[in-house]
Amino acid sequence: MSDTSSNSSGTPEPASAGEPEPGPAREQETRRKQGTQGEEPQPRQSPETSQPREAAPAEDVQDAVPHPRGGVPAHTRAPARAGAATGAAPRGPAPTHTGRPPKQRRPAHPTPPPNWQQWQPAPHEPPVWIGEISSDEPAAIRVATLWCVAVTGLLSALLLGDGLGLNLLIVTVPAALAAYFAAREAGRRPRPWTLVWAVGGVALLSVPALRDAGWPTFLAVTASLGLGSLALHGCRTWLGVILGPLGLFGSLGTGLFWGVRGVRERAEGSRGRWAPVLRTAAVALVLLIVFGALFASADAAFADLLGGLTPDVSVADGPWRTVLFVVGVVGALAAAHTAAAPLRWDRITVKPGAARGRVEWALPLVVLNLLFAVFIGVQLTVLFGGYDKVLSETGLTYSEYATQGFWQLLGATLLTLLVIGLARRWAPRDGARDRTLVNAVLGVLCALTLVVVASALRRMDLYVDAYGLTRLRVSVAAMELWLGLVIVLIMAAGAVGGRWLPRAVAVSGAAGVLIFGLISPDALVAERNVERYRTSDKIDINYFQQLSADAVPALDTLPEPLRSCALEGIERDLGGADEPWYATSWGESRARDILDERPVDPRWEECSTMTRPDGSLGERDPYDGGTTGDGL
């Protein structure tokens, strides 16, 4: 009986050994064989080992077998094997008989090998504002700039080692020229505000040339550096004016590398021209030394003139002079680099705060204005009723009442400026009505703050009348005056617009430092206390001995033996007259002339008696500490 009759029921026969069942996998295998040329025929499995298999979906196999990370070449010379065709679906499950283990199939889509960079930490991007303020790479340094830098270093080494005076102005000139040449090479041109900053910085350097006091000199030099940095950067916003002075210090390292690179490039391009320059400089130096020594030995007057003009340099000062040379070169290169590639601080944008509602914003400020008004009303009552009545009712002394009020009022002024700044940040700004509300509320607050400033100054005046003037009292009074000026500028900015306000505040601060240095606090203290002695017969000799040479003209008017006792400490600090002209201020020179004309003759017994609070003529009135208990 044939197979046909036995399967007449219509059930399909199982596929023979080695032949896959019909279906999608079989069709894919047939198409692959038809499209492959030169491929050996697939060997058939024996009937004994063949098992019926079902075709599994290709995606199930790919999901079950992980993809290796290595790549597989597109073509190999190895003959193709049964069931190992790339891209073909598996023909069925592996045979269940025991024997050789089934070979591993290669995945159809291998993945690349592991990359070591995927375990490396991601690089941190710099803040956005750093990219905003960064400038372009500066142009190559000019020869004129290099010469100015070298002259600055040489003058620093020769002149700055003996003290501060006119030498600061002398050293500043070549440094400013180096910055000017670098700016011209970069295509920058001076603007009006640049000239204002530059002239102000040079004017501030006149304070150490004219005055001997240390505190005003420190403020003047610091303010001069700040104005010079503003001139190099050209800032006009609040952040620019505040951070601009710091940009000069940021160019210390970059300016040095920039200068070294420029020197190397110039040296490589002009090796043959350096030898004549060096020979010329050496010959000129030898001629100056030889003929200068001959003329000095021939005429004593010329020797004195030459000795006063030339710096006194010794071998022992070599390390210190070397440090000053490096400081001068690095500072001049930093100024030139800043002029060629300044940091753009004005590009930093500060987003305004979220605008508040009118009631939410104005109500706290209105309450603050009412508090200020009540305080000012009490102050007016004290002014018309007299301080004596208030002191008798409160039991306070002049020192306690004046000092207590001054420091609190100074703090109130500073806090008011902070409140105004924060209020402007969160002020409502929907239209003209909001602008009117903001200007009105803040304008009233500024006006009331000015009255508070006047009250603080009046208390200081009361305190000075009772206990005299000191350096600290002059300084804090000057600070209070400047804060009052800043409030006036804020009121003007609210009326006419405030784009000019940051630079105006900086100019006012620099002008205040300049005036503070030129009036000489020590001279003012001496003049005021000499006048007080003439009216009240009270004086503090020990405090006068701590003043600088600026106080000598006023103290010279005291009668003896007070004059000698007051000037004895100043004369000791002045020392001899052998200091060079470039390191001697005008105030110090004038004090030496006065003391040479009228030498002091202190009598120790009388001076020690004057320092005792015994109620006699010349009673000691302690200005700082002691019975006042104020620390002011």
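Just above sits the structure.
All values derive from a computational prediction rather than experimental measurement.

What counts, and at which threshold
- Residues numbered from 1 in each chain as written.
- Predicted model: local features only at pLDDT ≥ 70, side-chain atom pairs only at ≥ 80, totals over all residues.
- Heavy atoms only, no water.
- Helix = DSSP H or I, 4+ residues; strand = E, 2+ residues; numbered from the N terminus.
- Buried < 20%, exposed > 50% of the residue type's maximum accessible area, 1.4 Å probe, protein only.
- Contact = heavy atoms within 4.5 Å.
- Areas by Shrake-Rupley, 256 points an atom, 1.4 Å probe, with all protein chains shown as cover.
- Expected span 1.5 Å × (residues − 1).
- Arc of directions from axis to C-beta.
- Core = buried A, V, L, I, M, F, W, Y, C linked by side-chain atoms within 4.5 Å.
- Phe/Tyr/Trp six-rings, centres within 6.5 Å; stacked < 30°, edge-to-face > 60°.
- Salt bridge = Lys/Arg side-chain N within 4 Å of Asp/Glu carboxyl O.
- Patch = residues over 30% accessible without salt bridge, like charges linked within 9 Å, V, L, I, M, F, W, Y side chains within 5 Å.
- Axes fitted to C-alpha atoms, helices over the stretch in contact; angles between N-to-C directions.
- Parallel < 35°, antiparallel > 145°, perpendicular 65-115°, else oblique.
- Left-handed = near helix turned anticlockwise from the far one by under 90°.
- Nonpolar A, V, L, I, M, F, W, Y, C, P; charged D, E, K, R; others polar.

Q: Give a description of the overall build of the protein that names residues and reports values.
A: The secondary structure content of the protein amounts to 25 helices and two strands. Taking all 632 residues of the protein together, the buried fraction comes to 34%. A fraction of 78% describes how many contacts in the protein between residues 6 or more apart in sequence connect residues 24 or more apart. For the protein, the exposed surface amounts to about 37,500 Å²; the carbon and sulfur share of it is 63%.

Q: Report on helix 7 (residues 192-204), specifying residues and quantitative values.
A: In this model, helix 7 (13 residues) spans 18 Å end to end at C-alpha, consistent with the 18 Å of a helix rising 1.5 Å per residue. The complete set of buried residues in helix 7 reads Thr 194, Trp 197, Gly 201 and Leu 204. The arc enclosing the buried residues of helix 7, seen along the axis, measures out at 100 degrees, which places them on a common side. Facing away from the buried side of helix 7, by more than 90 degrees, are the exposed residues Pro 192 and Val 199. Each element contacted by the buried residues of helix 7 is listed here: helix 8 (206-210), helix 9 (214-233) and helix 19 (501-518).

Q: Explain the nonpolar core to me, using residue names and the numbers behind them.
A: Ranked by size, the top nonpolar core spans 55 residues in total, and within it Leu 547, Leu 555 and Leu 558 carry the most contacts. Counting residues per element, this core draws most heavily on helix 17 (residues 432-467), which supplies 10 residues. Residues contacting Leu 558, with those up to four places away along its chain left out, are Val 530, Tyr 533, Ile 539, Arg 563 and Ala 566. Counting residues in each nonpolar core, the second largest holds 16 residues, with Ile 133, Ala 220, Leu 227 and Val 513 among its members.

Q: Outline the packing of aromatic side chains, listing residues and values.
A: This structure, assessed with the given rule, holds four aromatic pairs. Ring centres of Trp 193 and Trp 197 lie 5.3 Å apart, and the angle between their planes is 35 degrees; on these two criteria the pair is classed as tilted. With Trp 193 and Trp 197 both in helix 7 and four residues apart, this pair spans about one turn of that helix.

Q: Describe the pattern of salt bridges, listing the residues and the values that go with them.
A: For the coordinates displayed, the defined rule picks out 11 salt bridges. One salt bridge connects Arg 358 with Asp 434, and the closest N-O pair in it is separated by 2.5 Å. One end of the pair, Arg 358, is in helix 14 (residues 358-385); the other, Asp 434, is in helix 17, and 76 residues separate them in sequence. Of the residues examined, Asp 434 reaches a relative accessible area of 1% and is grouped as buried. We note a salt bridge from Asp 461 to Arg 528, for which the minimum N-O separation is 3.9 Å. With Asp 461 in helix 17 and Arg 528 in helix 20 (residues 521-536), this pair connects stretches of sequence that are 67 residues apart. Judged by its relative accessible area of 32%, Asp 461 falls in the partly exposed class. Each of Asp 556, Glu 560, Arg 563 and Arg 598 takes part in a single network of salt bridges with overlapping partners.

Q: For a nonpolar patch on the surface, give the residues involved together with the corresponding values.
A: On the surface, Leu 225, Leu 246, Phe 249 and Leu 252 cluster together to form a nonpolar patch covering roughly 390 Å² of accessible area. A per-element tally of the nonpolar patch places helix 10 (residues 238-269) first, with three residues. You can call Phe 249 exposed: its relative accessible area is 51%.

Q: If you had to explain the environment of Arg 459 to someone new, which residues and values would you point to?
A: Here Arg 459 shows up in helix 17. Separated by 50 residues in sequence, Arg 459 and Leu 409 have C-alpha atoms that sit 9.8 Å apart.

Q: Lay out the packing of helix 6 (residues 167-185) against helix 13 (residues 318-340) with the relevant residues and their values.
A: Contact geometry for helix 6 and helix 13: axes closest at 7 Å, N-to-C directions at 25 degrees. With respect to helix 13, the element helix 6 is oriented roughly parallel. For the pair helix 6 and helix 13, the sense of crossing is right-handed. Here Ala 175, Ala 178, Ala 179, Ala 182 and Ala 183 of helix 6 come into contact with helix 13, specifically with Ala 332, Ala 335, Ala 336, Ala 339 and Ala 340. Its residues placed into classes, the contact of helix 6 with helix 13 shows 10 nonpolar, no polar and no charged.

Q: Break down unusual backbone geometry for me, with residues and values.
A: The amide bond that connects Glu 560 to the next residue, Pro 561, takes the cis arrangement and shows omega of 5 degrees. Structurally, Pro 561 is set in the loop between helix 22 (552-555) and helix 23 (562-574). The residue Ser 520 is not glycine, and still its phi comes out positive at about 60 degrees. Along the chain, Ser 520 falls in the loop between helix 19 and helix 20. You can call Ser 520 buried: its relative accessible area is 1%. In this structure, Asp 537 takes a positive phi of about 60 degrees despite not being glycine. Mapped onto the secondary structure, Asp 537 falls in the loop between helix 20 and strand 1 (538-539). The class for Asp 537 is partly exposed, based on a relative accessible area of 40%.

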